Every structure is written in C-alpha cells, then in structure tokens.
Amino acid sequence: MPELYPELYVHPDISQASTLPAAFYKDPAIFERAKEQVFARTWQWVGDTDDLKAPGTVKPFTLLEGFLDEPLVITRDHDDRLHLLSNVCTHRGMLVAETGDNARYLRCRYHGRRFGLDGCFQAMPEFEGVKGFPSESDHLPQVPFGLWRGKFLFASLDPAVPLEEVLKPIEERLGWLPLQQFYFEPARARDYLVRANWALYCDNYLEGFHIPFIHASLNAAIDYGSYTSEIYDWCNLQLGVAASGETAFELPQDSPDYGQRIGAYYYWVFPNLMLNFYPWGLSVNVVRPLGPELTKVSFLPYVWKPALLDSGAGAGLDRVEREDEVVVEAVQKGVKSRFYDRGRFSVAREQGVHHFHRLLAQALAP
C-alpha cells in the first residue's frame, strides 16, 4: 500500500519505469486492499445469457468466489427484463435464492419474506405493528451489470467506468464478429489452480517476450517478429500474426487488419480477464484470486467454427497453460527472495505489463 510501500509507483515512461515491488505479490495487506480498490470497482465476467432466456428464470451465483464472495442472483422477470440483485434477504441475511429455478417471485425460506423478480419487497409474515415498514431498505439492492452484444454478462459492485467504455476498443476492432452465434463448449472448459499471486499470472500473459523461450508450439504458430502490443485505457491487445501456413482469420475489407494474416487477438481487460479471439472462436480466461499466493484460472471456450479448433495459435491451449503455470509458480518463489525487489521493463516487449502495473498503482493509491 502507498502508506506502507511509498515505492508502489510506476513511472509513466516505460523507458524510465521499474516494475511493482516484490512486496506486491506476497503481502496479505496489499492482497486484501485490492478487493475493494481494484476488484469491487471493475467489471467482472459472469457468463452468457443462454440459460436466462425464459421469463421467471432465477440464477444465483457468487461473484469471485473465494475472494469478493458476494452472493448475487440474476433474474428475468415476467416483463422479460433482466435484473442483477443482492441474494441476501433484507430481514436477517439469509440467502434468498439457493438453487436455480423458474419462479413467480423470490421467497426467503428462513422467515418467508417475499420479493418480486425485480427485487422489490412484496410481503412478510408476522410483521404487523412494525413502524415505518416496509421502506426502501427492505428491497433487495440492485447491482450494476452490463450486457455485451446482448449475450455476455458482466457485473461490478461499484464500477469506476461504464462497461461500454472498457470494451469500446474491442468492439471497434472486432465488431464484425458474430458473437451472438458463439456457443459455450463445456467439454473443453478447464480450471487450473496456480500457486502464485493473481497479478503474476497477468504479468506473464501481458507480454509475448517469453513465447520463444517457453512455448515451442505457440512460437511455431505465430510470427514472433511481427508480434505487437496496443495499449488502451482499460484494456490492451497483443496482436498475433499467423506463421506461414498456419490458420488465420478471414477478415472483412473494413477491418483495420485487412490484408494481414492474423492468427489471434489477445485482449486483456483490467484487472483479471483475457478475451482471446481465434479463427475458431473465443477463449475467455478468468483469473480469480484465492490468496496472496494462490489463483484459480478458468478457461471458457465459445466456439464459432469447430472445424478450426485444433489448428493455429488457438490449438493446444492446455499445453500452453501448463507451461505458463510452471513459470509463474517459479517466479512466485523468486519474488520471495531477500535479494529481489523490482526489475525494469523491455520497451519493445513489455508495454502491456507496464500498462497493468500503472493501472494497479493508480487504483491502490490512497
């Protein structure tokens, strides 16, 4: 934290900047403070709305389970409107919805308090004589949420910026992709437990510098010499040009990349989301902190062209993940050394890491 670590500052000029100090990756106080100052204020991936199509649908979940641990519930009311609500009864704190179901209303099974699917208080037994009841505080709190292309759902407990602003660079670049046609393929989904700080995992993702040294198969699928990074306000892009003979996107003529053989668009969204677009579809990677030195990473595939799943830069993702996991866990051991504090950035290859560290330092400022 700034008051504990005055050096938690990253120079805006990458050529002069040093990385975040090693303390960032191991200090429990910094880890805890990030909950409210980083994660509660940013947009978190919830999933898609494919199972929320019918009015009366109720879907409870926990936002960043094991970290933020916020109980929420998504509903689609009988006027066909989506709502994201606190899943905590305003009487005594019991969970209102414990299982996904189709319902006319929400009813707490502890004492019978009832709410509409829009979260509005409806009824409560045995409350005659209670003065000033019901009041606004008896409704279930509404939680900010956003829909991307009417399909992908994001939530934020206290958003610093609108979701549209965060995703704007992605939409402008890849608006031609028919994301509504992409479908989730659970058989290819994977969860990985990484014994390292969540930010170290993001650091590793945000630079292609290590690809020739760590990922032989991926290095063969892309043209490393043409690998570039682009920085935006709340996200950044690593553009992977396909190697000769490897699968590439069929780009429309109005694409800014038309004429290039693009094998992958690697988008990172602050602080913990990767949207990896391949010719076969989209691999969503969600990084969930569990402890200062423990992270869960979920790979969620949304398929567009199944025939291309095992070709190009988007093939062999499990192998690439396992290679990254080994490296990141070794770095976690390294940053605990008494002899390491912080390093410098490669101007050519680590713009994304520099951007990430700048955003973290700003978010954690007092």
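Only a predicted model underlies this, so the values are computations on that prediction, with no experimental measurement involved. (Residues numbered from 1 in each chain as written. Predicted model: local features only at pLDDT ≥ 70, side-chain atom pairs only at ≥ 80, totals over all residues. Heavy atoms only, no water.)

Caption draft 1: Examining the pattern of salt bridges more closely. This structure, assessed with the given rule, holds 18 salt bridges. Note that Glu32 and Lys35 form a salt bridge whose closest N and O atoms lie 3.2 Å from each other. Residue Glu32 and its partner Lys35 are both found in helix α1 (residues 28–39); the two are separated by three residues, about one turn of the helix. Accessibility expressed as a relative area gives 42% for Glu32, which makes it partly exposed. Arg322 is paired through a salt bridge with Asp318; the nearest N and O atoms lie 2.8 Å apart. You can see Arg322 and its partner Asp318 sitting in helix α6 (residues 317–335), four residues apart, about one turn around the helix. (Salt bridge = Lys/Arg side-chain N within 4 Å of Asp/Glu carboxyl O. Helix = DSSP H or I, 4+ residues; strand = E, 2+ residues; numbered from the N terminus. Buried < 20%, exposed > 50% of the residue type's maximum accessible area, 1.4 Å probe, protein only.)

Caption draft 2: Highlighting the sheet that holds strand β4 (residues 82–86). Taken in spatial order, the four strands make up an open sheet running β4-β3-β2-β5, and their pairing is antiparallel. With one partner strand each, in any of the chains shown, β4 and β5 (101–102) form the two edges of the open sheet. In terms of strand pairing, strand β3 (residues 70–76) meets β4 through five bridges, oriented antiparallel. When the sheet's bridge partners are listed, Leu72 is paired in β4 with Ser86. (Pairing = 2+ DSSP bridges.)

Caption draft 3: Examining the packing of aromatic side chains more closely. Scanning all chains against the criterion turns up 25 aromatic pairs. Taken together, a centroid distance of 5.1 Å and an interplanar angle of 75 degrees make the contact between Phe121 and Phe133 edge-to-face. Remark: Phe133 occurs in the loop between β8 (121–123) and β9 (145–148) and Phe121 occurs in strand β8; sequence separation between them is twelve residues. Residue classification places Phe133 among the partly exposed residues on the basis of a relative accessible area of 22%. Between Tyr227 and Tyr266, the ring centres sit 6.4 Å apart and the planes meet at 40 degrees, which makes this aromatic pair tilted. Highlighted residues: Tyr227 in the loop between α5 (216–221) and β13 (228–231) and Tyr266 in strand β15 (residues 262–269), separated in sequence by 39 residues. Each member of the pair, Tyr227 as well as Tyr266, is classed as buried. A cation over a ring is seen here: Arg349 above Tyr224, with NZ or CZ 4.1 Å from the ring centre. (Phe/Tyr/Trp six-rings, centres within 6.5 Å; stacked < 30°, edge-to-face > 60°. Lys NZ or Arg CZ within 6 Å of the ring centre and 35° of its normal.)

Caption draft 4: How the structure looks around the UniProt feature "domain: Rieske" (unreviewed entry) in the chain. In this structure's numbering, the residues bearing the UniProt feature "domain: Rieske" (unreviewed entry) are residues 43–138. Span residues 43–138 is 0% helix and 34% strand, its end C-alpha atoms 26 Å apart. (UniProt positions renumbered as here; feature names shortened; annotations may be inferred.)

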